[in-house]
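# Fold and geometry: a report
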Amino acid sequence: MSLIEYKGFGGVPLSADMLGDENDPPVLLIPEIGQSRAAWRDVAEALVLSGRRVVNLDLRDADQLAPHIEDLRAVLAQMGSRPVVVAAGNGGWIATRALAIDGTHLAAGLVLVDMPVDEEAIADGLAARLALPALVVRGGFSPAQSGTASDAFNAALPIGQIADINECDLELASDRKEALLGQLLEFLELRQPRDAMEFKAGSDPRTLRDAMGCFATGITIVTALDAAGSPVGLTANSFTSVSLDPPLLLVCIANTAGTAPALREAGHFGVNVLQIGQQPTSNRFAAKGEDRFANQPWAPGQTGVPLLGSSLVSFECERESLHEAGDHFILIGRVVRAQFEPHRDPLLYFRGKYRRLHFA
Ligand SMILES: Cc1cc2nc3c(=O)[nH]c(=O)nc-3n(C[C@H](O)[C@H](O)[C@H](O)COP(=O)(O)O)c2cc1C
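Residues numbered from 1 in each chain as written. Predicted model: local features only at pLDDT ≥ 70, side-chain atom pairs only at ≥ 80, totals over all residues. Heavy atoms only, no water.

### Remarks on the overall build of the protein chain
Put simply, the test is: Secondary structure counts use DSSP, requiring at least four H or I residues in a row for a helix and at least two E residues in a row for a strand, with both numbered from the N terminus. Think of it in three bands: residues with accessible area under 20% of the maximum for their type are buried, residues over 50% are exposed, and the middle band is partly exposed, with areas taken using a 1.4 Å probe on protein chains only. Residues count as neighbours in contact if any of their non-hydrogen atoms are within 4.5 Å of one another.
Broken down by element type, the protein chain carries eleven helices and 20 strands. In terms of overall dimensions, the protein chain has C-alpha extents of about 75 × 45 × 35 Å along its principal axes. Out of the 360 residues in the protein chain, the part that is buried amounts to 45%. In the protein chain, the proportion of contacts linking residues at least 24 apart, taken out of those at least 6 apart, comes to 70%.

### Points about the packing of aromatic side chains
Short version of the rule: For this analysis, a ring pair means two rings from Phe, Tyr or Trp (six-membered ring only for Trp) whose centres lie within 6.5 Å, classed as stacked if their planes differ by under 30 degrees, edge-to-face if by over 60, and tilted for the remaining angles. Throughout this description, the term charge over a ring refers to an Arg CZ or Lys NZ atom that lies within 6 Å of the ring centre and within 35 degrees of the ring normal.
Summed over the entire model, instances satisfying the criterion amount to five aromatic pairs. Ring geometry for phenylalanine 293 versus tryptophan 298: centroids 5.9 Å apart, planes at 75°, classification edge-to-face. Residue tryptophan 298 is classed as partly exposed on the basis of its relative accessible area of 34%. Linked through ring pairs, Phe285, Phe293 and Trp298 together constitute an aromatic cluster. Across from the ring centre of phenylalanine 329, 4.3 Å away, lies the NZ or CZ of arginine 264, which sits over that ring.

### Examining helix α3 (residues 91-99)
Extensive coverage of α3 is indicated by the burial of eight of its nine residues. Among the residues making up α3, those that are buried are Gly91, Gly92, Trp93, Ile94, Ala95, Thr96, Ala98 and Leu99.

### Some details on the sheet that holds strand β6 (residues 109-113)
As a reminder, the rule being used: Paired strands, in this sense, are two strands between which DSSP finds at least two bridges. Axes, fitted as lines to C-alpha atoms, cover a helix only where it is in contact. Angles between the N-to-C directions of the axes lie from 0 to 180 degrees.
Read across the sheet, eight strands follow the order β1-β2-β4-β3-β5-β6-β7-β8 without closing on themselves; strand pairing throughout is mixed. Taken across any chain shown, the strands that pair with only one partner, and hence form the sheet edges, are β1 (2-7) and β8 (160-165). For this sheet, the mean inter-axis angle between neighbouring strands, taken without regard to orientation, is 20°. Strand direction decides the pairing type here: strand β5 (residues 84-88) and β6, joined by five bridges, are parallel.

### Details of the packing of helix α2 (residues 65-78) against α3
Worth spelling out the cut-off: We call a crossing left-handed when the near helix sits turned anticlockwise from the far one by less than a right angle, and right-handed when that turn is clockwise. Side-chain classes follow a simple rule in which Ala, Val, Leu, Ile, Met, Phe, Trp, Tyr, Cys and Pro form the nonpolar group, Asp, Glu, Lys and Arg form the charged group, and the remainder, Gly included, forms the polar group.
For the pair α2 and α3, interaxial distance at closest approach is 9 Å and the crossing angle is 60°. Relative to α3, the crossing made by α2 is right-handed. Contacts between α2 and α3 pair Leu65, His68, Ile69, Leu72, Arg73 and Leu76 from the former with Trp93, Ile94, Ala95, Arg97, Ala98 and Leu99 from the latter. Each residue belonging to the contact of α2 with α3 can be placed in one class, and the counts come to nine nonpolar, one polar and two charged.

### Points about the environment of proline 205
With respect to the element layout, proline 205 can be found in helix α9 (residues 205-212). On the accessibility criterion, proline 205 (64% relative accessible area) is exposed. Measuring from C-alpha to C-alpha, the distance between proline 205 and valine 137 comes to 41 Å, with 68 residues separating the pair along the chain.

### Concerning the state of the cysteines
Which entries qualify depends on this criterion: Any cysteine sulfur atom paired with another within 2.5 Å is treated as part of a disulfide.
One pass over the structure, following the stated rule, counts zero disulfides. With no disulfide of its own, cysteine 214 lies closest to cysteine 252 among cysteine sulfurs, the gap being 18 Å.

### As for the domain arrangement of the protein chain
Rules: The split of the chain into domains comes from an automatic or database domain assignment.
The assigned domain composition of the protein chain is domain 1 (2-191) and domain 2 (206-355). With centres defined by C-alpha atoms, the gap from domain 1 to domain 2 works out at 43 Å.

### Looking at the pairing of strand β14 (residues 268-273)
Most of β14 is tucked away: five of the six residues are buried. Across four bridges, strand β10 (residues 220-225) lies against β14 in antiparallel orientation. Paired with threonine 223 across the strands is glycine 270, a residue of β14. Pairing of β14 with strand β17 (residues 313-325), which is carried by six bridges, proceeds in the antiparallel orientation. Paired with histidine 268 across the bridge in β17 is glutamate 318.

### Looking at the site of the ligand
Put simply, the test is: Working definition: residue near molecule or strand if any one of its non-hydrogen atoms lies within 4 Å of it. In protein, a polar contact requires one atom able to donate a hydrogen and another able to accept it; more generally it is a pair of N or O atoms within 3.5 Å, and residues adjacent in sequence count only if both atoms are side-chain atoms. Per-residue and other accessible areas follow the Shrake-Rupley method at a 1.4 Å probe size, with only the shown protein chains counted as cover for residues.
Around the ligand, a shell composed of 17 residues is seen, among which Thr235, Ser238, Gly258, Lys288 and Arg292 lie nearest. A distance of 3.0 Å separates a nitrogen atom of the ligand from a polar atom in the backbone of asparagine 237. Between an oxygen atom of the ligand and a side-chain N or O atom of lysine 288, the distance comes to 2.7 Å. Protein chains bury 79% of the 630 Å² of accessible surface belonging to the ligand in isolation. Of all the elements in the fold, those that place two or more residues in the shell around the ligand are β11 (231-236) and β13 (248-254). For the shell around the ligand, a count of residues per class yields ten nonpolar, five polar and two charged.

### So, unusual backbone geometry
Residue proline 246 follows aspartate 245 across a cis peptide bond; omega there is 5°. The residue proline 246 is located in the loop between β12 (240-243) and β13 in this model. Located in the positive-phi region is aspartate 114, a residue other than glycine, with phi close to 45°. Phi at arginine 351 takes a positive value of approximately 45°, unusual for a residue other than glycine.

Right, dumping it as structure tokens:
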């Protein structure tokens, strides 16, 4: 993250945090009037993880809208490429007014988060002049954006969509960050797509790994007993359910993994799907030179395989078959027993990073 300074209207300096890769599509965050850029910090970091370049701007100290509108137009003119502007509260009116004339030259889209009702501005017909894609996000308990005036505003947006997030209060950005992010990312994917990357046979394996990493997965720990009867295990996200009748699943194990020889020989193995609190377990079972079971509660299942007690689900399997597959082997197991606690949240993995669910 770097701190930069834009020149606002009349040369007034405006501070901003700049986050993310400069080649990623930009998003400009505008706070509510009276709040600082700190209000958007969590959202900014999450957007960077989703491959966005983020500029998180501070407004000047002023109660009136007019200088903020000129400031925003000045900042947008200084940005190298057209961002999607995401604005909170009255920041939404700054952005709406700044983009209502020739907005498409300055921004690729506009997201208005819990923008309060301003009858006068609505009567001005500003919405109809916003010729760029717009998303209105409003909280269910919030008085903002409800009523006929704001319905008229929303209906007049030429390229508009509305997202209602229920059971939350006015301060959406902090109150229901997950829900807001879900809406935001969906809008950005639709309205500000990224350039595709390409892997071709013969390209470097890193690019293939990046391509594979676009498939979001859960995380498992595959466990077994080695020939000496000691528990072994490794972190694996290559888990797939294969068949219901008979009940089969598979995991793919690297030939080079330290646990590969034991898993090749084992007549039974376990697959423990991790929950949100087990990120340290995932790290430990993927790191070299760790005593993986030292501080790890586990108990033998009915076939003796080690099962990690607090998992989301633990499958106990009898080995069905093993298939060589390039630098991995595919281990297919017949499920003997599954113990699960479906109310827990999963630990997820996507593009090389741990993730959690976004609730819609
Ligand atoms: C999120 C994640 C998913 C992984 N998935 C797999 C997998 O599906 N198959 C595999 O062989 N290794 C996978 N690994 C790597 C192994 O966990 C790691 O190489 C192994 O535990 C190294 O230790 P070892 O050689 O002592 O077994 C994964 C690692 C992480 C962090």
